[in-house]
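# Observations on chain architecture
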Amino acid sequence: MSSATDVLTRKPKNIAIETNPSHELNVVDTDVPEPGPDQCLIHVRATGICGSDVHFWKSGNIGDSVIKCNLGLGHESAGIVVKTGSNVSRLKVGDRVALECGIPCSKPTCDACRTGRYNACPEIIFYSSPPVHGTLRRYHVHPEAWLHPLPDSISYEEGALLEPLSVALAGIERSGLRLGDALVICGAGPIGLVSLLAAHAASAAPIVITDLDENRLAMAKSLVPRVRTVQIQRSEDAKASANRIKQALRQEAKLVIECTGVESSIHTGIYASRFGGSVFVIGVGKDFQQIPFMHASFREIDIRFLFRYRETYPKAIMLVSEGLIDLKPLVTHRFTLEQGKDAFEAASNPAAKAVKVQLLDD
Ligand code: NAD
Ligand code: ZN
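Residue indices follow the written sequence of each chain, beginning from 1 at its first position. Lettering for chains starts from A, numbering for ligands starts from 1, and both go in the order in which the items are written. Two thresholds apply to this predicted model, a pLDDT of at least 70 for residue-level local features and 80 or more for giving and counting side-chain atom pairs, whereas whole-chain, interface and lining totals are computed over all residues. The basis for every side-chain value is the complete set of heavy atoms in the structure, and neither hydrogens nor water enter the calculation.

## Overview of a nonpolar patch on the surface
Candidate patch residues must exceed 30% relative accessible area and have no salt bridge, after which like charges are joined if within 9 Å and Val, Leu, Ile, Met, Phe, Trp or Tyr side chains if within 5 Å. Accessible areas in this description were obtained via Shrake-Rupley with a 1.4 Å probe; residue shielding takes into account the shown protein chains only. Throughout this description, the term salt bridge denotes a Lys or Arg side-chain nitrogen within 4 Å of a carboxyl oxygen of Asp or Glu. Together, Ile291, Phe293, Met294 and Phe298 make up an exposed nonpolar region whose accessible area comes to about 460 Å². Put simply, DSSP marks the helices as runs of H or I at least four residues long and the strands as runs of E at least two long, and each gets a number from the N terminus on. Here Met294 lies in helix 9 (residues 293–298). Note on classification: 1.4 Å probe, protein chains only; a residue is buried when its accessible area is under 20% of the maximum for its type, exposed when over 50%, partly exposed between these limits. Note on Met294: relative accessible area 43%, which makes it partly exposed.

Right under this line is the structure:
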């Protein structure tokens with residue numbers, strides 16, 4: 001039987017997927033890094049491609065985060081510990097882990113870190129956000145503190161999906177969703193779909209989910225058969241879409257979880273809300289957007305936002321291992337690291353009908 005460390009001799013190359021300011025995508029050989037005293041060397045076994053990875057490759061920036069040199073992509077990863085630094089005490093070689101990729105400063109003088117709001121840490125580094133390389137590589141060193149042990153019942157593929165699930169859980173928590181809330185989810189991409197799974201587990205009812213794409217709505221229905229789907233037409237105005245959503249919901253929404261960041265979809269969410277309802281925007285989009293200001297004002301509709309997540313991994317692991325959330329069907333396409341370009345092609349071409357594309361390495 002081979003051990004976790006054998007892989008270092010069996011697979012000495014550290015392959016990574018990088019992009020650069022010329023919008024190229026390259027599969028490169030890099031050195032196998034040595035873990036520092038508080039770090040573990042991870043053999044990354046599964047990494048999902050996120051919309052932001054595609055966006056960095058195609059557009060070269062997300063807001064103020066600009067690619068100025070080669071950048072390794074990927075931040076949805078799970079793997080196995082193959083080497084530990086001298087101070088590492090909680091984990092050992094052979095442990096299977098999910099990688100939380102936002103690493104805050106954790107200094108006692110940092111207000112955000114000290115008070116537990118570490119996603120707000122001004123010094124946070126996020127793997128795959130320029131200039132810090134991502135985890136879409138065979139070997140990656142990661143601080144022990146931000147590795148979450150996986151039970152045997154959770155596969156590496158599911159472990160990598162704990163990252164988008166973390167976004168959904170943070171959204172559910174911050175939105176204040178309650179049992180029996182009439183909910184609309186705008187957008188059935190990976191984030192909308194994991195939000196659907198989480199909202200279903202949290203007993204929101206009824207739930208309507210929208211998308212432009214009927215394949216994505218079919219996926220939503222197969223994940224949660226009781227969900228009601230509304231296909232949005234690009235030609236339709238937001239009020240008309242909202243009317244169809246309210247018909248499907250048979251009421252106005254107490255809560256809308258917006259998972260597209262598209263202006264017209266945010267408008268639709270606002271028009272679908274009841275007096276005193278709220279639109280919780282997970283989606284990110286254009287720097288400046290208009291909102292139906294007076295409609296929201298006259299109906300006391302709260303509009304709130306999310307920036308990543310904090311303290312979600314342990315909860316995500318528990319929800320999956322206890323069987324309340326099944327992430328497995330979300331992975332529709334699988335590639336090896338060597339097939340990195342094909343993987344990004346599948347993730348960025350709607351004709352491929354992918355939901356979540358993952359790169360696997362054994
Ligand atoms: P995605 O692009 O794969 O999915 C978006 C879905 O929305 C697609 O299926 C698309 O067909 C659908 N859509 C587009 N316009 C629509 C419209 N007008 N009405 C209904 N549906 C429409 O993206 P994803 O990976 O699922 O992520 C969703 C959003 O969440 C993105 O904007 C992403 O950047 C954002 N995000 C935010 C955070 C955060 O911390 N706030 C974290 C992760 C992702
Ligand atoms: Zn901090």
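Read on, since the account is not over.
## A few points about the nonpolar core
Formed by 78 residues in total, the largest nonpolar core has its most connected members in Leu162, Leu165, Leu183, Leu193, Ile209, Leu327 and Leu330. When checking whether two residues touch, look at their non-hydrogen atoms; a contact exists if any pair is within 4.5 Å. Residue contacts for Leu183: discarding those within four places in its chain leaves Leu177, Ala199, Ala204, Pro206, Ile207, Val208, Leu249, Leu255 and Ile257. Side-chain atoms within 4.5 Å are what join buried Ala, Val, Leu, Ile, Met, Phe, Trp, Tyr and Cys residues into a set we call a nonpolar core. One finds Val208, Ala248, Tyr271 and Val281 within the second-largest nonpolar core, a separate group that totals 21 residues.

## What to know about the coordination of the zinc ion (ligand 2)
As a rule, N, O and S atoms within 2.8 Å of a metal are its donors, except that Na, K and Ca use 3.2 Å; water is not among the atoms, so sites may look incomplete. The protein atoms that coordinate the zinc ion (ligand 2) are Cys105 (SG), Cys110 (SG), Cys113 (SG) and Cys121 (SG), at distances of 2.3 Å. By the criteria applied here, four donors are tetrahedral when all angles lie between 85 and 135 degrees, four are square planar and six octahedral when opposite donors are over 155 degrees apart and every other angle lies between 65 and 115, and any other arrangement is irregular. If you look at the zinc ion (ligand 2), its four donor atoms make angles of 104 to 120° with each other, and the shape they trace is tetrahedral. Counting along the primary sequence, the residues that act as donors to the zinc ion (ligand 2) give the motif C-x4-C-x2-C-x7-C. Of this pair, Cys105 sits in the loop between strand 9 (102–103) and helix 3 (111–114) while Cys121 sits in the loop between helix 3 and strand 10 (125–126), placing them 16 residues apart in sequence.

## A look at the environment of Gly261
Its location among the elements puts Gly261 in the loop between strand 16 (253–258) and helix 8 (263–272). Exposure remark for Gly261: the relative accessible area of 5% places this residue in the buried category. The sequence separation of Gly261 and Val284 amounts to 23 residues, and the corresponding C-alpha distance is 4.3 Å. Beyond its immediate sequence surroundings of up to four residues, Gly261 is in contact with Ile266, Gly283, Val284, Gly285 and Gln289.

## Points about the pairing of strand 2 (residues 25–30)
Strands qualify as paired when DSSP identifies two bridges or more between them. Judged from the six bridges that link them, strand 1 (residues 14–19) and strand 2 form a sheet pairing that is antiparallel. By the bridge assignment, Ile17 is partnered in strand 2 with Val27. Counting the residues between successive antiparallel strands, the hairpin from strand 1 to strand 2 contains five residues, one of them, His23, with a positive phi of roughly 65°.

## Focus on the UniProt feature "domain: Enoyl reductase (ER)" (unreviewed entry) in the protein chain
Feature annotation in UniProt assigns "domain: Enoyl reductase (ER)" (unreviewed entry) to the following positions: residues 22–359. For residues 22–359, the end-to-end C-alpha separation is 23 Å, with 30% helix and 26% strand making up the annotated structure. UniProt positions are given in the numbering used here, feature names are shortened, and annotations may be inferred rather than shown by experiment.

## Here we look at the sheet that holds strand 16
Picture the strands of a sheet paired through backbone hydrogen bonds; they go either parallel or antiparallel. Across the sheet, six strands lie side by side as 15-14-13-16-17-18; this open sheet has parallel pairing. Looking along the sheet, the strands with just one partner apiece sit at the ends: strand 15 (228–231) and strand 18 (302–305). Direction aside, the axes of adjacent strands within the sheet are offset by 20° on average. An axis is simply a line fitted to the C-alpha atoms; with a helix, the fit covers only the stretch in contact. Between two such axes, the angle follows the N-to-C directions and lies from 0 to 180 degrees. With respect to the sheet, helix 8 is in contact with strand 13 (183–186), strand 16, strand 17 (273–281) and strand 18, its orientation differing from that of strand 17 by roughly 150°.

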